[in-house]
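Chain and residue survey
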Amino acid sequence: MLELTKVSKLFNPGTPNEKIALMDANLKLNPGDFVTVIGSNGAGKSTLMNIISGVLKPDVGEVRIAGEAIHHHPEHARSRWIGRVFQDPMAGTAPRMTIEENLTMAYKRGQRRGFGWGATAKRRAIFREQLQRLGIGLENRMHAKVGLLSGGERQALSLLMSTFTKPQILLLDEHTAALDPARAELITRLTDEIVRDMKLTTLMVTHNMEQAIRLGNRLIMMDKGRIILDIPQEKKADLTVAQLLGEFERISGHQLSDDRIVLG
Amino acid sequence: MLASIYGAIVLGLLYALMALGVYITFRILDFPDLTVDGSFVTGGAICATMISNGYNPYLATLAGFAGGVIAGICTGLLHTKGKINGLLAGILMMIALYSINIRIMGSPNVSLLNIKTVVSPLLDEKIGVYIAVAGVAVLLIKALLDLFLHTDLGLALRATGDNARMIRSFGANTDRTKILGIGLSNGLVALSGALLAQHGGYTDVNMGVGMIVIGLASVIIGEAIFGMRRVWIATLAVVVGSIVYRIVYALALRVEWFDSSDLKLITAVLVIIALVIPQVRRAMKQKSVARKRTLELLGQSAGKGGRA
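Only a predicted model underlies this, so the values are computations on that prediction, with no experimental measurement involved. Along each chain, residues carry numbers from 1 onward, in the same order as the chain's sequence is written. Chains carry letters and ligands carry numbers; both start at the beginning, A for chains and 1 for ligands, and go up in the order they are written. Local features in this predicted model are restricted to residues whose pLDDT is 70 or higher, and side-chain atom pairs enter the listing and the counts only when it is 80 or higher, whereas totals over whole chains, interfaces and linings include all residues. Hydrogen atoms and water are omitted, and side-chain values are computed over all heavy atoms in the structure.

Under the scheme used here, helices are H or I runs from DSSP no shorter than 4 residues and strands are E runs no shorter than 2 residues, and both carry numbers assigned from the N terminus. Along its length, chain A carries nine helices and ten strands. In summary, chain A has a C-alpha radius of gyration of 19 Å against a globular reference of 18 Å for 264 residues, a match within 12%. The principal-axis extents of the C-alpha atoms in chain A amount to approximately 55 × 40 × 35 Å. Buried residues in chain A amount to 53% of all 264 residues. We compute the radius of gyration from the C-alpha atoms alone; for a globule the expected value is 2.2 Å times N to the 0.38, where N is the number of residues. Summary of the burial criterion: residues with accessible area below 20% of their type's maximum are buried, those above 50% are exposed, and those between are partly exposed, where the area comes from a 1.4 Å probe applied to protein chains only.

Shown next, in the form of structure tokens:
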């Protein structure tokens, strides 16, 4: 479904601040794969996400979705295939517009936008039904401006907006990291439900080791711009956090360091 | 006195289209567009030159609108594709348009005296009729704008100013929506210029000086009166703001020790006050809420301590 071949990216090439963001990364996701990604600070997790979504272009290498090479497409053109939830709960929604209007924009993901009326009655019925799935009462506040919602509510809405049109690839970039534990748990639960129900091919970066093990069917580990370990479902099932950290140290030769890391 | 207020209402309605244009860039796109000072004249210049050369006045007015759209698209291209800072892109277009406007007219001004225009039949009518016709026309344009801002494309335009990263991730080309918005904005500004040229009977190359500030003043006055809760309220607020501005302007002209040349200063001060006051008020409110909440929380913990 998603295939990265020999993808490399340098930041500030040829200057004293040159940094390898991604080096010769190869990754293949099969349809329905739910892959969690862990790694230390600066391991290239976010760069990986940005290269897939088109925020960054690779210096070398190819990105393919369903066989089609997309690494030359700009970000907005890739939205046809990709749904994305950002770490910042404020990033995925437009605060001065209503819940209904935000969902309308998400409904048209990757399609041409013309002079057709936005929030039609038919679409609103779909939105109401979808909002009910979240179970946090947003279906009764469809005319509320999104800026009035809490961070957790906004992130739940972002998650819904990126998924209800069934993208071929779902990218989750530490999307629970900025929330308090209770809200993070809610979003994690919703993510698991939605991805399972809709069988979305998903790549999720997380700093929460326990979450990385519990969710999904595959786990990849990154360090210094490289993918250093790819753990398949069979081995992942009875992995512990301690084993995972031990494995990381064994391969990379240093401890997993991330100032925000949560062991679970 | 009353006659001057009626006159001010007519002017306010004609300038309201310009203010709606400024609202699109300043409030919706969050892009302070200085092209306005030039494109306002461009609309008047195209319209006046065409009418004085015998073209249909309605066609000439429409051509004025189109001229503004093109000027706006140029600013949009400079900003998005040329990666020029937004303010600078607007200033560059404004300066370029000064020369272009003189080229269009063939001289620094064109007179329309005693020529039939879109507005001339209304000038002969009672002022009430003029106000009614202009009011209906402006409200019609405002309603069309409201409708557009609720279409799929209109929503993408609004989101571009609200959260560009988000709408890009849902597939809108934000360069294109910006260019569209700036184009539409300057089209309305030029349409306003075309109508005011016909109302006043001339176009002068300097009639756009300070137009952006007048537009901002109208937007801000309207906001202060009505708020901006929903799109149709916000656009109505802009129209009313434009009328109120013209009435205040007319009244200020009657104050003895003001010169008419002082009015630009007064407008600038008005805009500065309107921009600063909300910030100060917000800061003060935040401080008082924080203090109150802290005391509440302190009280709670003290209460718990007492019970234990």
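Secondary structure assignment for chain B yields twelve helices and two strands. Element order for chain B, N to C, with α for helix and β for strand: α-α-α-α-β-α-α-α-α-α-β-α-α-α. Considered along the principal axes of its C-alpha atoms, chain B spans approximately 90 × 50 × 30 Å. What sets the accessible areas is the Shrake-Rupley method with a 1.4 Å probe; for residues, cover comes only from the shown protein chains. With an accessible surface of roughly 14800 Å², chain B has 67% of that area assigned to carbon and sulfur atoms. Positive and negative side-chain charges in chain B, numbering 26 and 15 respectively, have mean positions lying 13 Å apart. Charged residues are defined narrowly, with Lys and Arg counted positive, Asp and Glu counted negative, and His plus the chain ends left uncounted. For charged residues, the charge sits on one atom: NZ in Lys, CZ in Arg, CG in Asp, CD in Glu.

Attention shifts here to the nonpolar core. Among buried residues, the Ala, Val, Leu, Ile, Met, Phe, Trp, Tyr and Cys ones that are joined through side-chain atoms within 4.5 Å form a nonpolar core. Of all hydrophobic cores here, the largest spans 55 residues; its most connected members are B:Leu13, B:Met18, B:Val22 and B:Phe40. Broken down by element, the residue count for this core peaks at 15 residues, all from helix α1 (residues 2-28) of chain B. Dropping the residues within four chain positions of it, B:Phe40 is found in contact with B:Tyr15, B:Met18, B:Val189, B:Ala190, B:Ser192, B:Gly193, B:Leu196, B:Met207, B:Gly208 and B:Met211. With 41 residues, the next largest nonpolar core counts A:Phe127, A:Phe164, A:Met204 and B:Phe170 among its residues. Should any heavy atoms of two residues lie within 4.5 Å, those residues are counted as being in contact.

Counting residues at the interface gives 27 residues for chain B and 32 residues for chain A. Accessible-area loss on putting two parts together, using a 1.4 Å probe and summing over both, is the definition of buried area adopted here. Between chain B and chain A, the buried area comes to about 2500 Å², and carbon and sulfur atoms account for 56% of it. Area buried by chain B at its contact with chain A is led by B:Asp152, B:Asp162 and B:Phe170, which between them contribute 29% of it. A pairing counts as a salt bridge when a side-chain nitrogen of Lys or Arg comes within 4 Å of a carboxyl oxygen of Asp or Glu. On inspection of chain B and its partner chain A, the count reaches five salt bridges. Across the salt bridge formed by A:Arg96 and B:Asp162, the nearest N and O atoms sit 3.2 Å from each other. The term polar contact refers here to a pair of N or O atoms within 3.5 Å; inside protein, the definition further demands a hydrogen-donor-capable atom paired with an acceptor-capable atom, and it admits residues adjacent in sequence only when both atoms are side-chain atoms. Along the contact surface separating chain B from chain A lie 16 residue pairs in polar contact (both at pLDDT 80 or more). For the side of chain B that touches chain A, the elements supplying multiple residues, two or more each, are α1, α6 (127-148), α7 (152-162) and α8 (164-169) of chain B. By residue number, the principal contributor to the side of chain B that touches chain A is α7(B), which donates eight residues. Side-chain classes follow a simple rule in which Ala, Val, Leu, Ile, Met, Phe, Trp, Tyr, Cys and Pro form the nonpolar group, Asp, Glu, Lys and Arg form the charged group, and the remainder, Gly included, forms the polar group. Classifying every residue of the side of chain B that touches chain A by side-chain character gives twelve nonpolar, seven polar and eight charged.

Here the focus is the packing of aromatic side chains. For Phe, Tyr and Trp, rings pair up if their centres lie within 6.5 Å, where Trp contributes its six-membered ring, and each pair is then called stacked (planes under 30 degrees apart), edge-to-face (over 60) or tilted (otherwise). Under the defined criterion, the tally for this structure stands at seven aromatic pairs over all chains. Arranged with centres 6.1 Å apart and planes meeting at 80 degrees, the rings of A:Phe127 and A:Phe164 form a pair that is edge-to-face. In this pair, A:Phe127 is assigned in helix α4 (residues 121-134) and A:Phe164 in the loop between α5 (151-163) and β7 (169-173), connecting sequence segments 37 residues apart. Comparing A:Phe127 with A:Phe164 shows no difference in burial state: the two are buried. When the ring of B:Tyr245 is compared with that of B:Tyr249, the centres are 5.9 Å apart and the planes differ by 55 degrees; the resulting orientation is tilted. Placement of the pair is B:Tyr245 and B:Tyr249 together in helix α11 (residues 231-254), with a separation of four residues, close to one helical turn. A residue is classified by how much of its surface remains accessible, and B:Tyr249, at 26% relative accessible area, is partly exposed. Any Lys NZ or Arg CZ found within 6 Å of a ring centre and within 35 degrees of that ring's normal is scored as a charge over the ring. Over the ring of A:Phe86 we find B:Arg165; its NZ or CZ atom is 4.0 Å from the centre of that ring.

With that out of the way, let us pick up the pattern of salt bridges. All names here are of chain B. Scanning the model with the defined rule gives 21 salt bridges over all chains in all. Between Glu-223 and Arg-27 there is a salt bridge; the shortest N-O distance is 2.3 Å. Placement of the pair is Glu-223 in helix α10 (residues 211-226) and Arg-27 in helix α1, with a sequence separation of 196 residues. Judged by relative accessible area, which is 19%, Glu-223 ranks as buried. Judged by its relative accessible area of 25%, Arg-27 falls in the partly exposed class.

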